[in-house]
Structure formats: structure tokens, C-alpha cells
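Fold and contact review
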Amino acid sequence: MVEAIKTFERGLKIWPDDAVMLESLRECFKRAARDKDVAEVSDRLLRVRPNDKSALFDKAVAVDRLGRKEEAISLYGQVLAIDHNDVDASTGISVALFSLEKYEEALARAAQGALHDPDKLVFWRIQADSLFMLKRFEEAVKAYERAIALAPQEQKLFYQKGLCLESLRRFEEAIVCYDQAISLDAKDKNVWISKGIALEWLERHEEALACYDRALSLDKEGRFVHARRGQVLAKLSRHEEAVGSFDKALEMGPKDIEVLTAKKNSLKSLGRYEDIVKVCDRIVKIEPKNKQAWVDRGMAQFRLSNFLEAVRSYDRALEVEPGDMNVLQLKRSSVVAKGDPDEILKVCEDILRLDPRNKSALIDKAGALESLGRLEEALATFNAAIMLDE
């Protein structure tokens, strides 16, 4: 091959416009997969024979492979201008448009190609994939079915059809497609993951867990799968195992708020309050305005009898949403446990400004006033609480 190229190049120095030698050199470069050289020699040939369909097509393929998609589309278009029935050019332009994420144009081109050659798989695949990307899932399902009829052993077609059905919330049908994909290739972790998600929607958690375990047997580094596995285990009330799965996910993505939150919720179910505080600290370091993390931190500190820290956490939550009655009530409980009458009085007044008939706040306020020696006010406040029952 190398000697042939050198021979043609020497010949072209003498006869630079010899079309036969240019064609032969181009064929050598094609066999050697030297796309840049194919494009350059095709250019030279086109200067000699401007409407050479073969040269236009070979240049289009070469620049397409070089990533020059827009140029390739133009060249494929020139081929089609010469021969509007050229299936390969139609295929090339459809694929290039899809690669550029021009899904509407890719869809139109592929549909036009299918009219001329309805048994060409690539036209149905491009239509289906374009419709999927455009979220036109009902139409995509039909296009995938046409593609599957042409290529019943193509695993990816069943998988993509399953994704469409899942997006349409037709989970049972999606699972059938995933099972067909698995029968063709059981080592595709993505199919196991998608089947697990569909099973989750159907609340078939044990089966979903088995799918995630299978996916992890194929790729132990799947952060998303560890996280999904943890969520399923939590739904099954297997919280210790769930925490283990969340920890594996966090090893690969330590700042994943969703996973940190899920781990925190499992720890709450287990009553592991010190660990809850640690997780909340990680969350608020990433998202200082995460109100729920501050609230959960406060509740954990309260359980640990760290009332001062609990109050500080609730105060941070109230900075995010000042009028949150639930947080004010939690803060009141911590302040009462802490036993500072001035603080009790203040938080009760904050609650009563929002809810003047809050009996618990009135009673605690009365107790605080009594501790401060303000007996007449205490008695009046206590009477106000009693009158709420009348």
C-alpha cells in the first residue's frame, strides 16, 4: 500500500490532473483510513471532474469522520442533487444531522430516505432516536418497532423502545422490552438499571434490588446504582444496608446532596443522632441555605441533649424562612429544655405574633414570666391560655 501511494504521488507530479491516478490514490488512502488525505485527493479530482459523484461522496465521508459535520452535510447534499435516490448520501446526511443534535431535520431526512428505501434500518433508527430526543415517545415506539422488525437481534433497539415506554409510564411493557434486550446481551448494565427503575415504579422493590445488584456485578463503580440501591433498601426498611449503599455512592460523589439527604433519612430511621449531625454538617457546608438539613441537625442535637446547638441550628433554619411555625415550635422545645427564661419568653412571643391562640406558647410564656418574677403578667398569660378551652 505504501509503495503504491508513493508510485501514484510520483506520477501525479508529472501528470497532476490525471483522473485515473487521482482515483487510484484516493482508493489507497481510503484503504489506509487516511481521511484527511482522502478529502484532499477528492478535492483535486473534483477540480478535474466537478460533478464526480463518487469523489463528492468520498470527500463527504472523509470530512464527516474528521468531525466536519456541516461540510459533510453540504457535500452529501451535492451528491443528492446529482442523484436524489442515492441511499448512502441520504443515510450520511441523516446521521450527520443527528450528530449535530438537529433532530427535526434528521427526522425529516430519515423519513424521506425511508420512503425510497423502507427496508433500510438506519432510516428507522434515526427516526426513532430523533423522536426519542424530541420526547415524542408514542411516535418513537412505533419507529423502534419498525426498526426491530428489520433487525430483531439488535439489543439496543429493544432497550431504547423500553426507555420510551417507561417515559410513557407503561412500565410493564417497558420491562418486557428490557427482558428482550437482556436476552440478547445480559452484560449491558444500563438495561439492568432501567429495568430496576421500572420495577421501582411498580413498587416491586425486591426485584428492583436484584436488578441493581446485577448491574453492580457488571460495574462496581456505578455511583448512580449504589444510590438507587440504597433508596430501594430504605423503602424496604433495611436502613443499615441502605446507609452502606449510600456510603459507597458518596465515595464516588462526596458532594451529592440527594444521596447525603437519603443517607440522613435512613440514619433518622435508625436513631443514629450523632451520625445525623455529621451528615447535616456535610450538607450545609455545600448548601448553607438547606433549611431541612438545619432542622434535622437541630432535632438530632435535641435528642443528644445538646440544646444550645439545637437552638443554633433552628436559628439557621429560621434565617432561611423566618416565619416557619414548625421550626419555631421545635426551637421552643429546645429553649424550654435549655431552661433560659429570657430565651423562652422571646421564642414564645415570636410564635404568638404568628399564632396568638397557641396554647403551648402561652403556657411556656407564663412559666418564663413567673421565673423572671413578673408574676402579674404570668397570671394574665396563664388565664389567657385557660380561656382558649372555654
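Residues numbered from 1 in each chain as written. Predicted model: local features only at pLDDT ≥ 70, side-chain atom pairs only at ≥ 80, totals over all residues. Heavy atoms only, no water.

As for the nonpolar core
- In this structure, Y76, Y144, C164, Y178 and Y212 are the most contacted members of the largest nonpolar core, which totals 113 residues.
- Beyond its immediate chain neighbours, meaning those up to four positions away, Y76 contacts F57, A60, V61, D64, A89, G92 and I93. (Core = buried A, V, L, I, M, F, W, Y, C linked by side-chain atoms within 4.5 Å. Buried < 20%, exposed > 50% of the residue type's maximum accessible area, 1.4 Å probe, protein only. Contact = heavy atoms within 4.5 Å.)

Notes on helix α20 (residues 325-338)
- With 14 residues, α20 should reach 20 Å at 1.5 Å per residue; the first-to-last C-alpha distance of 20 Å fits that figure.
- Within the sequence span of α20, burial applies to V327, L328, K331, R332, S334 and V335.
- Summarising the contacts, the buried residues of α20 are in contact with α18 (291-303), α19 (307-320), α21 (341-354) and α22 (359-371).
- A side-chain oxygen of the first residue of α20 lies 3.0 Å from the backbone nitrogen of N326; this N-cap is D324. (Helix = DSSP H or I, 4+ residues; strand = E, 2+ residues; numbered from the N terminus. Expected span 1.5 Å × (residues − 1). Polar contact = N/O pair within 3.5 Å; in protein donor to acceptor, adjacent residues only side chain to side chain.)

Observations concerning the side chain of R332
- Relative to the assigned elements, R332 resides in helix α20.
- Beyond its immediate stretch of four places on either side in the chain, R332 contacts V347, C348, I351, S360, A361 and D364.

Some words on the packing of aromatic side chains
- Per the stated rule, a full pass over the model turns up 6 aromatic pairs.
- Seen from their ring centres, F132 and F137 are 5.7 Å apart, and the 65° between their planes marks the pair as edge-to-face.
- Aromatic pair Y159 and Y178: ring centres 6.1 Å apart, planes at 45°, arrangement tilted. A residue pair is termed long-range when its members are at least 10 positions apart, and Y159 in helix α10 (residues 155-167) and Y178 in helix α11 (residues 171-184) qualify at 19 residues.
- In this structure Y159 comes out as buried when scored by relative accessible area, which is 13%.
- Taking relative accessible area as the criterion, Y178 reaches 0% and is therefore assigned buried.
- Residue placement shows R169 over the ring face of W201; its charged tip is 4.5 Å from the ring centre. (Phe/Tyr/Trp six-rings, centres within 6.5 Å; stacked < 30°, edge-to-face > 60°. Lys NZ or Arg CZ within 6 Å of the ring centre and 35° of its normal.)

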